[in-house]
Structure formats: structure tokens, C-alpha cells
Amino acid sequence: AVPEEAGAAGGGGRCGRGTDGAALRWCITGALCASFLGLGLSIAVLGPTFPNLAANVGKNVSDMYYIFVGRSLGCLAGSMVGGVLFDCMNATLLLALSMLGTTAGLYAIPWCKDYLLLTILMSVIGGSMGILDTGGNVLALNTWGAEAGPHLQALHFSFAAGAFLAPILAKMALVGSESEELSGAKKTNQSVLKSVPTASAASTTPAPEDHHDEDFLWSYIIIGTYILFISVVFFVLYSKGSSAKDKSKAAAQKGRLAKYHWPLVGLLFVFFLFYVGAEVTYGSYVFTYAVVFAEMTESEAAALNSVFWGAFAVCRAVAIFGAAFLSPATMIVVSLLCSAASSSALAFFAHYRASLWVGSAVYGASMATVFPSGISWIEQYTVVEGKSASLFVVGAALGEMCIPALVGHLQGRFHNIPVVMYTAFATSLITLLLFPMMYKLANFSQKKDLKEVSDSETSKALLSNSRLTEDEEDEENVREWNDADFDVIEMNDKLKNSLTDASCRIPGDSPAEASLQPHLDDILSDPPVVAGGSPGRQNGNVDWEKSE
């Protein structure tokens, strides 16, 4: 597996060690969770305010589908551009700027009266959301490394919590506006009755102005203000120097990429496409299925829909703690098995009410942990860069766009077939088959990388041993030559002493001395050079001998 420091190399850098570093990392996690809460609010608020947006621009609800297309295309573009920018600039600064873009779009919506301008604003908001979705996941990985599992689960739980709170916030605005309108209407009616008692005059009284739509759209201002506050928090973190881009680490990161990095990323792209597409499809069409095929009342169908999303949110909250004890691969396998079992029950036994209710709850719970666990899983085998994370988000966005549209088209052509249930079953089988392929490829790549590293280390060790052997042979040769030189010196000293003694015993210039002296001079004239020795010592002996 990639060591914990590997996550640090991917575009953000690890925070400092010690108490200050730990506090800063927790601050980054808190800001990311708060930003994903705002992301869920921004996306989910469109549903309950959709009729009011149509009335604000003077269009029918059926003509407003272009704003969904604009937001989806903006999200795709933001994910791709954000993936590139995230590898080139500071992460917290990029997230702060993207949330400023979201704030500007949310602030402008209540006063937008033009349909085209509203579509452009939705595209801007979608692009900012794509950057946040891409950068938030990678920044969590860069901040925590191998410990990022629970924190990624917390991010995506915050998104689910925001999606759950958005309709409540919109309803609160609706209730407030309705109560104000009712009190205003009562006062108007009382004043009219007192001043104009005739029915004809009362009929000419102007109706109270309807501010319902504008009051309802103030929920966008509230959410925009919240996101603006989180943007300021990211600017503060940027000023503290968190997630500074380290070019040396970025260069080292490329060396840590798995052998089959891009095939792994491509398989996970397809995996997320089917997973997110199945999740959004079931959440969008289960209400219609319950009314048409299960013959439920609208209140029962709404309750079934709430069971699905409620189980989804609760399981994401539980996964925050479960990720601290279970590996990402284990969580993915358990989720896929539960998804396959529940989708089978929904596809073939949904005519039983109990199977429909239990199957929807289990299916929602099984879909909750797959996306964050998938990102944590692939980070164990390779480095998740900004570009890689952007592909994950793009795959999820394409699944969210294409699969529900395809299911709607098929359901319109085949009225008697529960296409949504068969789609859930088919996508569960596809993801269940894709993950073993990804797991096999990831482990094969890891074993190959380890083998290459082992071979490299072995060759280095052999080269080092050969150099050590050569050095040892050289030292042995030096020692042999030194021993031989000392032997020669010792022989010369003995011979010199014996000749000197012989010359001292012969008086005068005898022939023996004359014959021995040249031999002595020849022997001592060219002394051997010994490492560390001093030839001057032997020259001194020669001079002494000549002076004798």
C-alpha cells in the first residue's frame, strides 16, 4: 500500500506535526464538512422552489428543464477545470473562490426575471459545485492521508444532511410568508367591511399583493449568506498557510503513481457512473412506482421515498465511525452485496408491501457509503490527483444525467414494466462485477511495483557488494606489498650491518673492504619506497657509511 505520506504529495501537502498541525487539520475538516452541507443545501433547494422560480421568470414548470441541463453542464465543466487548477494552485484558495461564485449565483436568483439569465446563473452555481466536490475530496485525502476514511464519510454525510435540511428551510420560509399574508388579509377584510358595507363596493376592493413567491425565494439568500461565511473561513485557512503547494512533493508524487493508474481511474469512473445513476434514478422514480405499480396513496408513496433517503443519510452517519474500524474494501463489498440482495427483492418481489418497504430501506443504506469508500480505497494503491478526482465527479454527474433520462424514456414506452426496479437490479450486478476487476488490477499493479522495487534493491545490493569486494582485494594487495617491502628493508639492514662489521674488522684499505664497498653501495643506493616510510633515513645510513 502507498505509505501515509503519499497522500501528502497530491496537490495539497500534509499539515504540520504536533498540536498546531493537528488543530489545523481538524479545522480544515470542519470547514470541508460545513462546505458540503452548503453544497447539499444549494442542490436540494431547487426542488421545493422550482414552481416559484418558474413564476418569477414567467414560464411554465414544463419549460424550466433547461436550468437542470445548465446546472449539470456547469458541474461537469467545473469538475474538469477544478481538477486541473487543483494541481496548479493552493487548494483552500481555490475552494474559497468557488464558494464565492456559488454565493454570487444564489444572491442573484431572487431578483432574476429572465429565463436565459437564470440558466446562466444555474450554470455558474453548478461549476462552483463541481470545483468544490472535486477539491473537497482531494483536500481531505491530502490532509489525512491513510486516515482519511472517516473524514470522507463525514463530508458526504454533511452533503446528505444539507439535502435533508433544504426542504425544511424552504417550508419555514413558506409558512412565514403564508402567516404574514393571512394576517394581512384579515386586517384588510376588516377595514373594508367597516368602511364599505355594500357588496358592490367590496367587490371593487383590490386584492392584497401576493409576495409569496418573493418571500419563498429568500431561502436562496439565507443559503448564500451561509456559504459566504464558509468562504471567509477558507480564506482564513489560506492566510494560515494550510495546503501550501510543494513542488518537490508534487514531483515525487508522480513517481508514486501505480503502474496501471489510469486504467484503475477509468474503471472507477464507470463504477461511479452506474452507482450514482442507480441512486438518483431510484430516489427520483420510487414515488411514481409506488403510486402506479404498488397502488399506494400519495402520502404512502412520499413516506416510502423518505424511508429510502432517511436510510441513506443514517447509514452515512454510521459509516463515519465504521470507517475507523473497517477497511474501504470491506465496506464496499458489504454495500454491494446488500445492494444486490435488496435490488433483487425489489425487482422480483416488490408486489409484497413488506418487501417493498424493507427493500427500499436496505437499498438506500447500501448506497450510502460506496462513493467515499471508493475514493478511500483507490488512494491505498495510487495517488488521487486533482485530475483523477475530477474524473470521478464527472462519472457521477454523467450517471446522474443519463441513467434517469434513459429510465424515463423506457418507462414511457413500456408502461406495464417496472423499469426502475429492473434498472436497480442491473446496475447492482454491474457494480458487483466491476469491483473484483478493479481489485484484481490494483493488487496486480501493486505486486508488480513491489517486484520492480525488490529487483532494483537487489541489483543495488549486488553492485554494492561487488564494489566492496574490489575494495577488499585492493586493500589485501596493499597489505601484501607493504609486507614485502618491510621484508626487503629488514634484509638490507641485516646485510648492511654484517658488511659494516666485516669492514670494521679489516684494518686499512684491504682488498676485502675494497671489494665489499661497491657491493654495499649498490645494495643501498636504491632503497625501496614504502608507504609511510622515509627514504631519507636510508640516505642517512649511506652517508654515514661513506663517512666511515
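Residues numbered from 1 in each chain as written. Predicted model: local features only at pLDDT ≥ 70, side-chain atom pairs only at ≥ 80, totals over all residues. Heavy atoms only, no water.

Undergrad: Got a minute to help me understand helix α12 (residues 298–322) in this structure?
TA: Structural remark: α-helix, 3.6 residues per turn; residues separated by three or four positions point the same way. With 25 residues, α12 extends 35 Å from end C-alpha to end C-alpha; this agrees with the ideal 36 Å at 1.5 Å per step. Taken residue by residue, α12 has A301, L304, N305, F308, A311, F312, A313, R316 and A319 as its buried positions. (Helix = DSSP H or I, 4+ residues; strand = E, 2+ residues; numbered from the N terminus. Expected span 1.5 Å × (residues − 1). Buried < 20%, exposed > 50% of the residue type's maximum accessible area, 1.4 Å probe, protein only.)

Undergrad: Before we go on, may I ask you to explain unusual backbone geometry in this structure?
TA: Among all residues save glycine, negative phi is the norm, and among peptide bonds the norm is trans. With a phi close to 55 degrees, E295 is a non-glycine residue in the positive phi region. The topology assignment puts E295 in the loop between α11 (261–292) and α12.

Undergrad: Please explain the side chain of S35 as it appears in this structure.
TA: Here S35 shows up in helix α1 (residues 18–44). The residues touching S35, leaving out its near neighbours within four places in the chain, are M99, L132, I230 and F234. (Contact = heavy atoms within 4.5 Å.)

Undergrad: Can you help me understand the side chain of N305 in this one?
TA: Locating N305 in the fold gives a position in helix α12. On the accessibility criterion, N305 (17% relative accessible area) is buried. In this view, N305 contacts G283, V286 and F287; residues no more than four positions away in its chain are not counted.

Undergrad: Would you mind showing me how to read the layout of surface pockets here?
TA: To find the voids left in a structure, one rolls a probe of water-molecule size over its atoms. Looking at the largest pocket, its volume works out to about 1,900 Å³. Lining the largest pocket are 45 residues, with I43, R71, V280, W309 and E400 sitting closest to its centre. Contributing elements (two or more residues each) for the lining of the largest pocket: α1, α2 (46–57), α3 (66–86), α5 (115–144), α6 (149–195), α11, α12 and α16 (386–413). Residues of the lining of the largest pocket, tallied by class, amount to 30 nonpolar, 10 polar and 5 charged. (1 Å grid on protein atoms, 1.4 Å probe; cavity = no way out; pocket = protein on both sides within 12 Å on 5 of 7 lines; lining within 4 Å. Points joined across faces, edges and corners; volume = space filled by probe spheres on them. Nonpolar A, V, L, I, M, F, W, Y, C, P; charged D, E, K, R; others polar.)

Undergrad: Quick question: what am I supposed to make of a nonpolar patch on the surface here?
TA: A cluster of nonpolar side chains, namely F348, F349, Y352, F414, I417 and Y422, defines an oily patch on the protein surface of about 610 Å² accessible area. Assessed through its relative accessible area of 44%, F348 is described here as partly exposed. (Patch = residues over 30% accessible without salt bridge, like charges linked within 9 Å, V, L, I, M, F, W, Y side chains within 5 Å. Areas by Shrake-Rupley, 256 points an atom, 1.4 Å probe, with all protein chains shown as cover. Salt bridge = Lys/Arg side-chain N within 4 Å of Asp/Glu carboxyl O.)

Undergrad: Is there a simple way to explain helix α15 (residues 370–379) in this structure?
TA: In terms of residue burial, α15 counts as a mostly covered element, since 10 of its 10 residues are buried. Of all the residues in α15, the buried ones are V370, F371, P372, S373, G374, I375, S376, W377, I378 and E379.

Undergrad: Would you mind showing me how to read the packing of aromatic side chains here?
TA: Aromatic ring pairs: the centre-centre distance and the angle between the two ring planes describe each pair. One pass over the structure, following the stated rule, counts 15 aromatic pairs. Taking the centre distance of 5.3 Å and the plane angle of 80 degrees together, the rings of F348 and F425 count as edge-to-face. Of the two residues, F348 sits in helix α13 (residues 328–349) while F425 sits in helix α17 (residues 419–505), which places them 77 residues apart along the sequence. Judged by centre distance (5.3 Å) and plane angle (55 degrees), the ring pair of W377 and F435 falls under tilted. Here W377, found in helix α15, pairs with F435, found in helix α17; they are 58 residues apart in sequence, far enough to count as distant. An aromatic cluster is built from Y282, F308, W309, F312 and Y363, whose rings are joined through pairwise contacts. (Phe/Tyr/Trp six-rings, centres within 6.5 Å; stacked < 30°, edge-to-face > 60°.)

Undergrad: What should I look at first to understand the environment of S343 in this one?
TA: With respect to the secondary-structure elements, S343 resides in helix α13. A relative accessible area of 0% places S343 in the buried class. Separated by 19 residues in the primary sequence, S343 and V362 place their C-alpha atoms 8.9 Å from one another. Residue contacts for S343: discarding those within four places in its chain leaves Y363, A424, F425 and S428. Only 2.8 Å separates the side chain of S343 from the backbone oxygen of S339, close enough to count as a polar contact. (Polar contact = N/O pair within 3.5 Å; in protein donor to acceptor, adjacent residues only side chain to side chain.)

Undergrad: What is the right way to look at the packing of α13 against helix α14 (residues 353–367) in this model?
TA: Axes are the key here: two packed helices are described by the angle between their axes and the distance separating the axes. The geometry of α13 relative to α14 is characterised by a closest axis approach of 8 Å and an angle of 150 degrees between their N-to-C directions. Taken together, the axes of α13 and α14 are roughly antiparallel relative to one another. Relative to α14, the crossing made by α13 is left-handed. The segment α13 lies against α14, with S335, C338, S339, S342, S343, A345, L346 and F349 engaging S355, L356, G359, S360, V362, Y363, S366 and M367. (Axes fitted to C-alpha atoms, helices over the stretch in contact; angles between N-to-C directions. Parallel < 35°, antiparallel > 145°, perpendicular 65-115°, else oblique. Left-handed = near helix turned anticlockwise from the far one by under 90°.)

Undergrad: Quick question: what am I supposed to make of the nonpolar core here?
TA: When a protein is soluble and globular, its nonpolar side chains tend to lie buried together. The biggest cluster of nonpolar side chains holds 104 residues, and the ones touching the most others in it are L53, L356 and W377. Ranked by the residues each element gives to this core, the list is headed by α11, at 14 residues. Excluding residues within four positions of it along the chain, L53 makes contact with L46, M64, I67, I109, L118, M122, L217 and Y220. (Core = buried A, V, L, I, M, F, W, Y, C linked by side-chain atoms within 4.5 Å.)

Undergrad: Could you clarify how one ought to interpret the environment of C112 in this entry?
TA: When you line up the elements, C112 lands in the loop between α4 (91–108) and α5. With 59 residues separating them along the chain, C112 and L53 place their C-alpha atoms 8.9 Å apart. Apart from the residues lying within four places of it in its own chain, the contact partners of C112 are N56, V57, L117, L118 and L121.

Undergrad: I tried to follow the packing of α3 against α5 on my own but got confused; where do I start?
TA: Between α3 and α5, the shortest axis-to-axis distance is 6 Å and the interhelical angle comes to 35 degrees. α5 is crossed by α3, and the crossing has right-handed handedness. Within the contact of α3 with α5, the residues separate by chemical class into 10 nonpolar, 14 polar and 1 charged.

Undergrad: For this particular structure, what's the right way to read the confidence of the model for the chain?
TA: Detailed reading of the predicted model is not advised wherever pLDDT is low. Here the chain shows a mean pLDDT of 74. Residues at 70 or above account for 66%. The element-level mean pLDDT for the chain is lowest in helix α7 (residues 199–203), coming to 36, with α13 highest at 94. A low-confidence stretch, residues 1–17 stays under pLDDT 50, and its non-local contacts, those more than four residues away or across chains, total 54 contacts. Every residue in residues 243–255 scores below 50 in pLDDT, and together they form 20 contacts with partners more than four places removed in sequence or on other chains. (pLDDT = per-residue confidence, 0-100.)

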